[in-house]
Each structure stands twice: as C-alpha cells, then as structure tokens.
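# A look at the structure
Listed below are the residues making up each chain.
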Number of protein chains: 2
Amino acid sequence: MDKVVASPEQAIADIPDGATIAIAGFSLGHRFATSLLLALRERGTKSLCLVCNSMGGPGEIRGQILAENKQVRKLIAAFSTRPGVETATDAQIASGEMTVELVPQGTLVERCRAGGAGIPAFYTPTSVGTAIADGKEVREFDGKPYVLERAIRVDYALLRAHRADRAGNLQFRGGSQNFNPSFAKAARVAIVEVDEIVDVGEIAPELIDLPGIFVSRIVKSTRPVDLSSLRKSTRRAPDTARLYNGKPGLTRAGIAKRAARLVKEGSYVNLGTGMPTMVSNYLESRDVVLHAENGILGYGEMVSGDDIDLDIYNASGQFVSLRPGASFFDSVTSFEMARGGRIDTVILGAYEVDQHANLANWSTSTAF
Amino acid sequence: MDKVVASPEQAIADIPDGATIAIAGFSLGHRFATSLLLALRERGTKSLCLVCNSMGGPGEIRGQILAENKQVRKLIAAFSTRPGVETATDAQIASGEMTVELVPQGTLVERCRAGGAGIPAFYTPTSVGTAIADGKEVREFDGKPYVLERAIRVDYALLRAHRADRAGNLQFRGGSQNFNPSFAKAARVAIVEVDEIVDVGEIAPELIDLPGIFVSRIVKSTRPVDLSSLRKSTRRAPDTARLYNGKPGLTRAGIAKRAARLVKEGSYVNLGTGMPTMVSNYLESRDVVLHAENGILGYGEMVSGDDIDLDIYNASGQFVSLRPGASFFDSVTSFEMARGGRIDTVILGAYEVDQHANLANWSTSTAF
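Residues numbered from 1 in each chain as written. Chains lettered and ligands numbered in written order. Predicted model: local features only at pLDDT ≥ 70, side-chain atom pairs only at ≥ 80, totals over all residues. Heavy atoms only, no water.

Turning our attention to the overall build of chain A. For chain A, the helix and strand inventory stands at ten helices and 20 strands. Here chain A has a C-alpha radius of gyration of 21 Å; the compact-globule value for 368 residues is 21 Å, and the two agree. When the backbone C-alpha atoms are referred to their principal axes, chain A occupies close to 65 × 50 × 40 Å. Relative to its 368 residues, chain A shows a buried fraction of 57%. In chain A, 70% of the contacts between residues at least 6 apart in sequence involve partners at least 24 apart. Accessible surface computed for chain A: about 14700 Å², of which carbon and sulfur atoms make up 49%. On chain A, the mean spot of the 41 positive side-chain charges and the mean spot of the 42 negative ones are 2 Å from each other. (Helix = DSSP H or I, 4+ residues; strand = E, 2+ residues; numbered from the N terminus. Rg over C-alpha atoms; globule rule 2.2 N^0.38 Å. Buried < 20%, exposed > 50% of the residue type's maximum accessible area, 1.4 Å probe, protein only. Contact = heavy atoms within 4.5 Å. Areas by Shrake-Rupley, 256 points an atom, 1.4 Å probe, with all protein chains shown as cover. Lys, Arg positive; Asp, Glu negative; His and termini not counted. Charge placed at Lys NZ, Arg CZ, Asp CG, Glu CD.)

So, in structure tokens, the structure goes:
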C-alpha cells in the first residue's frame, strides 16, 4: 500500500475536464497545495467545479490561478470575493462565465464531512432567514427552523499536510488542519502535497491527524514554503486614528483595547476578521480562551518576524502566539464548537453600524 | 478556568432524578468512568435515561450497576443484551420496568455528535428496511433510501480519559477514545474521570484529543485500572474442533486462517465480533490494514499477558498489537470510514448460515 506518486504532474494527470475538485487551505496563501495547483494550471484541465473556502487574491497560488487561466466553470465557496480587490473570479462571475454557490464556512465543511461520512443530507440552523436558504427546505425541530443541506462529494481533493508516511497517514501542524480532513473525506481521490514523506511507522499513532484510509496519493511538494520571506512580510501597518467631526477618534488598537475589556473571565471567545483580531493583543493575563475557526483554541497575541510559526495563525491568517493549554483541530470540530453553542462571545468587525445594531461587513455573517 | 472537582461524589452531586446520562467506554470493562458510576449508584439517583454502547455483564462497573440498583427507566444503546448472559437490564426490559431504544452503533455516535454540533437531524442509510427504521421518515436522495435520525442531547456525560489538564483538555490513549468525544459534545455537562491531572500547558497541543471547551468537570479516578490482574486474565481458551457427522470440522483457528487467506492485499478490513477477530492472528506479513470500530486502524495479532496495553484492543475488547502505520481516532471517525465506503471488506461472525447466505448472529447486523 504505497501511495507515493513521483511528481505533482503525475499526481493530477488523470483529472478530467469537468471534474469537481476541493482545494483545502485557509486564509493567506502559505499552506496550500501549490505544487499541485501549478501542475493543474499547466495541464489546462477545463470546466472545473471548485470547492474551497475562498479563491484568494491575484497572484496567490490557490483556486484563483485556475480562474485566471479560465479553467473554472463553477465555484462552491464561503467567500467568492475579497473587499477592495478585483480578481478573475469576480470578473467571470459578473460576466456569467462562472457560476457561484455561496455556502457559510461551517456549512461547507459540514456538507463535505457528511459526504465523506455517507450522510446524504442534514439540517442546520445556519442561514435560516437569509438568501443562502432560498429554495431550500426549511423544517422545524422542537419549534425552531432549520435548513436542509445536501452533502458534497467531490472527485478530487487537493490537500497540503506537513508530513505523510507512504501509506498516506497524515500529520498536520498547528492550525493548518482546517479544511483538509473534511475535504479528503468528501473526495473519491484525495491527493496530498507534503513537506516530508517518511516510512510507514515513523509517525507515532498519536500524531496521525488523518488516517491514510482517507488518502489516495501522496506527493512531495516542489514548492517549500519560504518562511524567511514570510517573516519579513509580517511587519504591521501603522495604526492612525480617523477623524470624526474634525477630532481624532480611537485608533483601531484603541477600539480593540476597549473590546478586550468587555470580555468575561473564563470565557471562550471567537474574534471575527479584521479589527476584532487585534483584541488578542490586549487580553494580557486574563483567563480567556480564543477560538480560531481554522482550528486553534487558546491562541495569544499577534507575532511578527522571527516569532512566527508558519502554522500558528488566527482565522484572518495573522500569525499569533500560543497560550498554555492551546489545542489544534480541524474546521469541522471548530464549527461543532460554534454551532453547538460552546463559544461564549463572538466579536464582530463591521464597517458601519446603525442605531439598531445593523452591521455592514463583508464576511462575518457568512462565517458561522 | 479550573475544572477540577475534588471527588467523584462531588462531580455527580447535582445530577437529578430523571436525568439523561451518556456513559462512554467500549466493550470490556477496563476503561469506564468507574469512580463516577459507583458514586452515582451510591447516591441512588432514580429514573435515569442512559445512553451507551452496551450495559455490560453482571458485576461489570458500567451502566449495569445502575440497572441492578433499579435506577434506570430508559436505555438508548447499540446492544441491550449479551448472548448467554442474563442481566438486570434484560429482566427489567422483559418486565417493562425499563424501556429500550436500540440504535446501530454508528448511528448512536453520529446522533450524539450531531447533538453536540447543533445539527438537529440527519439522514443515514443505516437501518433502512429494518425494524430500527419503523416509524421513522424514509426519504430518497439520488435514488437511494435513507432514514431520518434525530440528534441526541444529554444532560450529563460520564467519560474516562487518560490525562486532563485543569482546563479540561483531554488526552486519551490508543483505542480508548471510542464514544468519549461524541458523548462529551452531546452533553450539557461532560464529567471526565482521569488517571492523571496535570497543569495547563503540560499536554502538548498536538496530543490534546478533545479540547476543554467540550468538558465541564475533571476528577481523578479513585479506581485505577488493575493492569496486572488484566494481564493474568487474558489467557486464551483451548480451541477444539466441533464434530460434524461424527468427524471433526475446522477449529475456530482453522476457519480464521481460511478467512485470512481470502483477504486482498492492500485492503482495509473490519473484523466482526467473535471468531472473525481471530483472523488478525493469521495475516502474517500481508499488506492488510485492520479497522477496529472503537478507533484503531492498523492493529495486529491478539496478545496476552505482559504484552497487553490497556488501551490497545480490537472491537471485541481483545488486546492486540499495533502494526507500523497504526492510527487512533474516535467512533465518529471510525464510522465515517465504514459508512463512507472506505472499508474494503468486513468479515462477519455468524452462529448459523443458510444456503442463501442468511446469517444468524447477535451483533454484527446492528454494528454499522
């Protein structure tokens, strides 16, 4: 049972036009199956349906490079766009060349996990009363409405793990499990790009995060992550206060400090994308456990330069420290925590808020 | 966030009459929350609804001791009985004192996991066309029938883990995750009995199998497992051939040897309870990966005496060795493999088989 394939090109050689492909990886582009994606672009396979969290910005080696090469007919994703950035995906959706199905992130992984678990459909509270639920069955259980969601099965999944043994057992690092396990489960053929391939038995049973039974092919990455350039690129932007009626308001850091003070001792807290992530810098010695939906519980303040670990980042992709008692898991478990009611507080970022607390933002409403 | 409670008695002191309690632990009685169960019996809490895989035999400190003490009104379990053994549970079900809902093992953990994940109901292929599906909605997806199953939420879960830190992060050993994670997720209050309690930060993030967010209380076990007596008790029974028409047939070992020869190289195989588990003794150097539904992939032959590890056992509770590349996981993942179609072969045990391959057995039909 040797699942090692000689090259990324060989690993994706049988993917036909029209295939459905799940692309794992979270947020910023530092843990994607970049070798496989480049091979797939090179091969020019057409009319693909991609399943992923988001496509990434221009130049990032993610689903976006396939869109830029006009290889994508359909996208199933939690985010199709990124604010302030115009991508090939945006243009092709606008022109009708690409169709898109938006799925809340937790629902996306749950649908893939269901597909892999032989569950054809399930009910979820997420998206009830929103456009996401349009045309779907809504049904009450114990007096509350839920939406029927169908499982997702894909032909192929492209994963990125830290290590694999030759039998396909995978070890991830830190918060980099994210979509990988659920996408592998949903796939007929899961293809995994890794930093290192070892002999069977070299990864301790306790350290295998995804058993090889879910994995079909292993290939060594030809594009190792450039940690030193990542470390150089993590300098923070200056934090200046906006003017309101001619007077400076709070800086972003000032707002985050205030929000940090509102969090209860002994609570589990999720920080939304954007300014809320800065709250992690101001918790100091308080007994608060931060939840990052990519799969970390117990992270700490943002770090930069030499302090960064490639696989320890929050849900915005910012590198963070770990606090004692931190743990790692995948996105499915992460959203079990959220949907199951274990998170005490979520701090949302919004561009604007009106007096009825209606929020204008681009992401958070689709996240849970 | 210190979740440590001083004693088992204190840990269960608020469980009221009528509570629903999930009791984790698999197969033979060597990894159950025995201190908590004894405390609960001592307290005499009445009219309980228990959720568990099985109740165990007389004298085993599991759900059975609560039934013997007339504390149970309802049982939700994969197995209510054990062949050839008459228990208090059997008697109370027969007399109508106790009601029982039988749930296939994979469905049981999936229902609990759903309860913990905020999923109120899901469809599953398991049990379609059997008495288990009677009265339940059956619906077709893509032309195949599925049964609607409701989530299970419980008031309390009684777990047994190897280690915990004071924040409730849990580490299991070997194949002893089994029902623990899904039962904890389903519970309002998960109470965990452990061998050892350590300070927060002492368990490496990679070794935390269940993050503390799913756990409410930690207590040190007052009943450490007696490994030396377990080691003494694992001698094998003699294997003699039955007579057929006056001639000796194959021994059980002989049947297992033949079955082992039928298994394909490079396959994933599950061995059913009883004689099939003996197949693991005759695979020798063949490239076959054995799946134990309690949460081990890649186990080897049965071991006894000093070779046993408390937490390395097959789905029949027999101690086994590990092969290189073995991995550990919980029952939910285990049944993802099964229901998701990743297991190539299942070897079933049957008491009798007729010429149309109709099997008579007591367990396997409910297992997947």
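Structure shown, so let's carry the discussion forward.
When chain B is fitted onto chain A, the two copies agree to an RMSD of 0.0 Å after a turn of 180° and an axial shift of 0.0 Å. The transformation relating the two chain copies, once decomposed into turn and shift, fits a two-fold axis. Minimal C-alpha distance to the rotation axis in chain B is attained by Phe122(B), lying at 2.0 Å. Taken as a fraction of all interface residues of chain B, those also at the interface in chain A reach 100%, which identifies the copy contact as same-surface. (Least-squares fit on C-alpha atoms with pLDDT ≥ 70 in both.)

All right, on to empty space enclosed by the protein then. Counting across every chain of the model gives three cavities of 30 Å³ or more. The space that makes up the largest cavity amounts to roughly 820 Å³. In terms of residue class, the lining of the largest cavity is built from 19 nonpolar, ten polar and 14 charged. Size it by volume and the second largest cavity reaches roughly 50 Å³. Forming the walls of the second largest cavity are Glu110(A), Arg113(A), Ala114(A), Ile119(A), Phe122(A), Glu110(B), Arg113(B), Ala114(B), Ile119(B) and Phe122(B). Sorting the residues of the lining of the second largest cavity by element identifies helix H5 (105-117) of chain A together with helix H5 (105-116) of chain B as the ones contributing at least two each. For the lining of the second largest cavity, the class distribution of residues is six nonpolar, no polar and four charged. (1 Å grid on protein atoms, 1.4 Å probe; cavity = no way out; pocket = protein on both sides within 12 Å on 5 of 7 lines; lining within 4 Å. Points joined across faces, edges and corners; volume = space filled by probe spheres on them. Nonpolar A, V, L, I, M, F, W, Y, C, P; charged D, E, K, R; others polar.)

Take the packing of H5(B) against helix H9 (residues 331-339) of chain B next. All names here are of chain B. It is the contact of H5 with H9, at a shortest axis distance of 9 Å, that shows an interaxial angle of 125°. Looking at the two axes, H5 sits oblique to H9. Here H5 and H9 pass one another in a crossing that is left-handed. Contacts from Gln105, Gly106, Thr107, Val109, Glu110 and Arg113 of H5 reach H9 at Ser331, Val332, Phe335 and Arg339. Of the residues that constitute the contact of H5 with H9, the class distribution is three nonpolar, four polar and three charged. (Axes fitted to C-alpha atoms, helices over the stretch in contact; angles between N-to-C directions. Parallel < 35°, antiparallel > 145°, perpendicular 65-115°, else oblique. Left-handed = near helix turned anticlockwise from the far one by under 90°.)

What follows covers the domain arrangement of chain A. All names here are of chain A. Structurally, chain A comprises domain 1 (8-222) and domain 2 (246-354). Across the contact, 24 residues belong to domain 1 and 21 residues belong to domain 2. Around 1800 Å² of area is buried between domain 1 and domain 2 when both sides are counted, 53% of it from carbon and sulfur atoms. It is Phe26, His30 and Gly175 in domain 1 that bury the most area against domain 2; as a group they hold 28% of the surface buried on that side. Counting every contact that joins domain 1 to domain 2 gives four salt bridges. Put simply, aspartate 309 and arginine 173 hold a salt bridge, and the shortest N to O gap is 2.8 Å. If you look at where domain 1 meets domain 2, you find eleven residue pairs in polar contact (both at pLDDT 80 or more). Listing elements by their share of the side of domain 1 that touches domain 2, those giving two or more residues are H5 and helix H6 (180-186). Top element by residues in the side of domain 1 that touches domain 2 is H5. It accounts for six residues. Residue composition of the side of domain 1 that touches domain 2, grouped by class: seven nonpolar, 13 polar and four charged. (Domains from an automatic or database assignment. Buried area = accessible area lost by both parts, 1.4 Å probe. Salt bridge = Lys/Arg side-chain N within 4 Å of Asp/Glu carboxyl O. Polar contact = N/O pair within 3.5 Å; in protein donor to acceptor, adjacent residues only side chain to side chain.)

What follows covers the side chain of Asn169(A). Here Asn169(A) is to be found in the loop between strand E8 (154-165) and strand E9 (170-171). Using a relative accessible area of 4% as the deciding quantity, one classes Asn169(A) as buried. Of note is the side chain of Asn169(A), whose polar atom sits 2.9 Å from the side chain of Asp165(A). Polar contacts involving the side chain of Asn169(A) include one to the main-chain amide nitrogen of Gly212(A), which spans 2.8 Å. Once residues within four sequence positions are removed from consideration, Asn169(A) is found in contact with Arg163(A), Ala164(A), Ile203(A), Ile208(A), Leu210(A), Pro211(A), Gly212(A), Gly325(B) and Ser327(B).

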